[in-house]
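Analysis of the macromolecular model
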Number of protein chains: 2
Amino acid sequence: MISSPLIEELIQSLKCLPGVGAKSAQRMAFNLLERNRDGALRLSRTLHDAMEHVSNCERCRTFTESNICHICADPRRAESAQICVVESPQDVLAIEQTLQFQGRYFVLMGHLSPIDGIGPNELHLDMLQRRLEEEKVDEVILATNPTVEGEATAHYIYQMCQKLGVNATRIAHGVPVGGELEFIDGNTLIHAFTGRRKF
Amino acid sequence: MISSPLIEELIQSLKCLPGVGAKSAQRMAFNLLERNRDGALRLSRTLHDAMEHVSNCERCRTFTESNICHICADPRRAESAQICVVESPQDVLAIEQTLQFQGRYFVLMGHLSPIDGIGPNELHLDMLQRRLEEEKVDEVILATNPTVEGEATAHYIYQMCQKLGVNATRIAHGVPVGGELEFIDGNTLIHAFTGRRKF
């Protein structure tokens, strides 16, 4: 239907972007062709470079184009002797934006999910174990998502830490700051009550 | 903040897509890196090819990678002796999907807008005039958008057709099929009444 096989192909490939369907892809393709060819060429280059050169950090497995990411390479980060375990590089980003955590990370790139064939090997937990044995680590902060899989993953790593004699903590679950009690689900409220602290 | 300058650059370039802000761009970048590197590399290639090779058809100015688009190159299309004038290649697509129109097109790639410096030259109306003089054209169907600029553009081309002695028609404005009268704006209702036909 479209006058050009190249445009047809562009629309098809744009659909690989999350949240982009046929209509949005068509709008994007024509918009780029009409108004922003330079931006599109730049996107083409950076897409290629990022996909070819970005891989996992050899220590914490987050995304980086070097062998070791800039957090693992920072000597001041080692002093805190804390390792925060998260599911994805976006979680590292979110925690870094708080400017509160000064330790290092370990990124699982997923969570335990036997039904999808994702076990401890797929999460490279042997790498984490080696780090716990070799580095000076006082505390492992388990910051996986508060989902069924995230909790199971946290529990598995907690048991690993126990065997190695390393302290493990879990981030607090409760009412989000700015949230209203009446709209919070029951499970979160139970966590908020059991996790209450002295005022 | 992000561990990799390459990922940072990818997120920045993804923002050139219409409707994609900082948060969506970040989600897209990590999603492609984690789950769909092949799709991203394909997108990189097709973006490059489309931006380099797609230009305007020499007759109707729609997007094509050939000199003449497949509609203009179709000899059966010339027989109908109708030219439909639209604002953008997407409009051609929408009309082609109805399978009703068998003539040729002229794509303005915009509309008259003196405030933005877009006059008859920018819309290449000289090309349209030459076609009206050289080709056998019985009717020019003005299918610009029913906006102020679209109407002004249609009127300008109507006057051009009058000088050349070519019939010009304007697509009907009225209540969309499936629409409900109570939700239709007054202007459209006026058009629907003045444009009424015998049952």
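A quick note: this is a predicted structure, and the numbers were derived from the prediction, not measured.

**Focus: the nonpolar core**
Residues Leu-14, Leu-17 and Leu-47 of chain A together with Leu-14, Leu-17 and Leu-47 of chain B are the most contacted members of the largest nonpolar core, which totals 46 residues. Where this core is concerned, the elements lending two or more residues are α1 (5–14), α2 (22–35) and α3 (37–53) of chain A together with α1 (5–14), α2 (22–35) and α3 (37–53) of chain B. Non-local contacts of Leu-14 of chain A, meaning those with residues more than four positions away in its chain, are made with Val-20, Ala-25, Met-28 and Ala-29 of chain A together with Leu-17 and Leu-43 of chain B.

**Observations regarding the pairing of strand β5 (residues 139–142) of chain B**
Residues and elements named next belong to chain B. Sheet analysis places strand β3 (residues 82–86) next to β5, joined by four bridges and oriented parallel. Across the sheet, the residue bridging to Cys-84 is Ile-141, located in β5. Across four bridges, β5 lies against strand β6 (residues 167–170) in parallel orientation. Considered in β6, the bridge of Val-140 is made with Ala-168. The handedness of the β5 to β6 crossover, carried by helix α7 (residues 148–164), is right-handed.

**Re the sheet that holds β6 of chain B**
Residues and elements named next belong to chain B. Strand order in the open sheet made by the four strands is β4-β3-β5-β6, with parallel pairing throughout. Bordering the open sheet on either side are β4 (104–107) and β6, each of which pairs with just one other strand. On average, each strand axis in the sheet is inclined to that of its neighbour by 25°, with strand direction left out of account. Bridge count between β3 and β4: four bridges; the pairing is parallel.

**What about the UniProt feature "domain: Toprim" (unreviewed entry) in chain A?**
UniProt records the feature "domain: Toprim" (unreviewed entry) at residues 81–176 of chain A, using the numbering of this structure. The span residues 81–176 of chain A carries 38% helix and 18% strand; its end-to-end C-alpha distance comes to 28 Å.

**Description of the UniProt feature "zinc finger region: C4-type" (unreviewed entry) in chain A**
The UniProt record marks residues 57–72 of chain A with the feature "zinc finger region: C4-type" (unreviewed entry), using the residue numbering of this structure. Along residues 57–72 of chain A, the helical share is 0% and the strand share 12%, with 8 Å between the first and last C-alpha atoms.

**Brief notes about the relation of the copies chain A and chain B**
You can overlay chain A on chain B at an RMSD of 0.1 Å; the transform is a turn of 180° with a shift of 0.0 Å along its axis. Taken together, these values place the two copies in the relation of a two-fold axis. Every residue of chain A has its C-alpha some distance from the rotation axis, and the shortest such distance is that of Ser-44 of chain A, at 2.1 Å. Counting the interface residues of chain A, we find that 100% of their copies in chain B are interface residues as well, pointing to one common contact surface.

**Re α1 of chain A**
Of all the residues in α1 of chain A, the buried ones are Leu-6, Ile-7, Leu-10, Ile-11, Ser-13 and Leu-14 of chain A. Each buried residue of α1 of chain A lies within a common arc of 165° when the element is viewed along its axis, so the set occupies one face. Elements that come into contact with the buried residues of α1 of chain A comprise α2 of chain A together with α3 and β2 (63–64) of chain B.

**Re unusual backbone geometry**
Its identity as a non-glycine residue notwithstanding, Leu-99 of chain A has a phi of 60°, on the positive side. Structurally, the position occupied by Leu-99 of chain A is in the loop between α5 (89–97) and β4 (104–107). Its relative accessible area of 61% is what places Leu-99 of chain A among the exposed residues. Look at Ala-81 of chain B: it is not a glycine, yet its phi comes out positive at around 60°. Tracing the chain through its elements places Ala-81 of chain B in the loop between α4 (75–79) and β3.

**Looking at the packing of aromatic side chains**
Between two aromatic rings, the relevant description is the distance of the centres plus the angle of the planes. Scanning the model with the defined rule gives four aromatic pairs over all chains in all. Centroid distance Phe-30 of chain A to Phe-63 of chain B: 6.2 Å. Interplanar angle 20°. Geometry classified as stacked. Residue Phe-30 of chain A is found in helix α2, and its partner Phe-63 of chain B is found in strand β2; the two belong to separate chains. Phe-63 of chain B matches Phe-30 of chain A in its accessibility class, with the two residues each being buried. Relative to Tyr-105 of chain B, the ring of Phe-101 of chain B has its centre 5.2 Å away and its plane inclined at 65°; by these criteria the two rings are edge-to-face. Judged by relative accessible area, which is 11%, Phe-101 of chain B ranks as buried.

**Re the state of the cysteines**
Residue and element names in this part refer to chain B. Scanning the entire structure with this criterion turns up zero disulfides over all chains. As a non-bridged cysteine, Cys-57 has Cys-60 as the owner of its nearest cysteine sulfur, 3.8 Å distant. Judged by relative accessible area, which is 1%, Cys-57 ranks as buried. Here Cys-161 stays unpaired: no disulfide links it, and the sulfur of Cys-84, its closest cysteine neighbor, is 12 Å away. A residue is classified by how much of its surface remains accessible, and Cys-161, at 1% relative accessible area, is buried.

**Thoughts on the interface of chain A and chain B**
Facing 55 residues of chain A, the contacting portion of chain B comprises 55 residues. Summing both sides of the interface, chain A and chain B together bury roughly 5,400 Å²; the carbon and sulfur share of this comes to 71%. At the junction of chain A with chain B, the criterion picks out zero salt bridges. On the surface where chain A and chain B come into contact, there are eleven residue pairs in polar contact (both at pLDDT 80 or more). If you list the elements that add at least two residues to the side of chain A that touches chain B, you get α1, α2, α3, β2 (63–64) and α5 of chain A. Counting residues per element, the side of chain A that touches chain B draws most heavily on α3 of chain A, which supplies 15 residues. Of the residues in the side of chain A that touches chain B, the class split is 28 nonpolar, 18 polar and nine charged.

Calculation notes
Residues numbered from 1 in each chain as written. Chains lettered and ligands numbered in written order. Predicted model: local features only at pLDDT ≥ 70, side-chain atom pairs only at ≥ 80, totals over all residues. Heavy atoms only, no water. Core = buried A, V, L, I, M, F, W, Y, C linked by side-chain atoms within 4.5 Å. Buried < 20%, exposed > 50% of the residue type's maximum accessible area, 1.4 Å probe, protein only. Helix = DSSP H or I, 4+ residues; strand = E, 2+ residues; numbered from the N terminus. Contact = heavy atoms within 4.5 Å. Pairing = 2+ DSSP bridges. Right-handed = clockwise from strand over helix to strand, strands pointing away. Axes fitted to C-alpha atoms, helices over the stretch in contact; angles between N-to-C directions. UniProt positions renumbered as here; feature names shortened; annotations may be inferred. Least-squares fit on C-alpha atoms with pLDDT ≥ 70 in both. Arc of directions from axis to C-beta. Phe/Tyr/Trp six-rings, centres within 6.5 Å; stacked < 30°, edge-to-face > 60°. Disulfide = S-S within 2.5 Å. Buried area = accessible area lost by both parts, 1.4 Å probe. Salt bridge = Lys/Arg side-chain N within 4 Å of Asp/Glu carboxyl O. Polar contact = N/O pair within 3.5 Å; in protein donor to acceptor, adjacent residues only side chain to side chain. Nonpolar A, V, L, I, M, F, W, Y, C, P; charged D, E, K, R; others polar.

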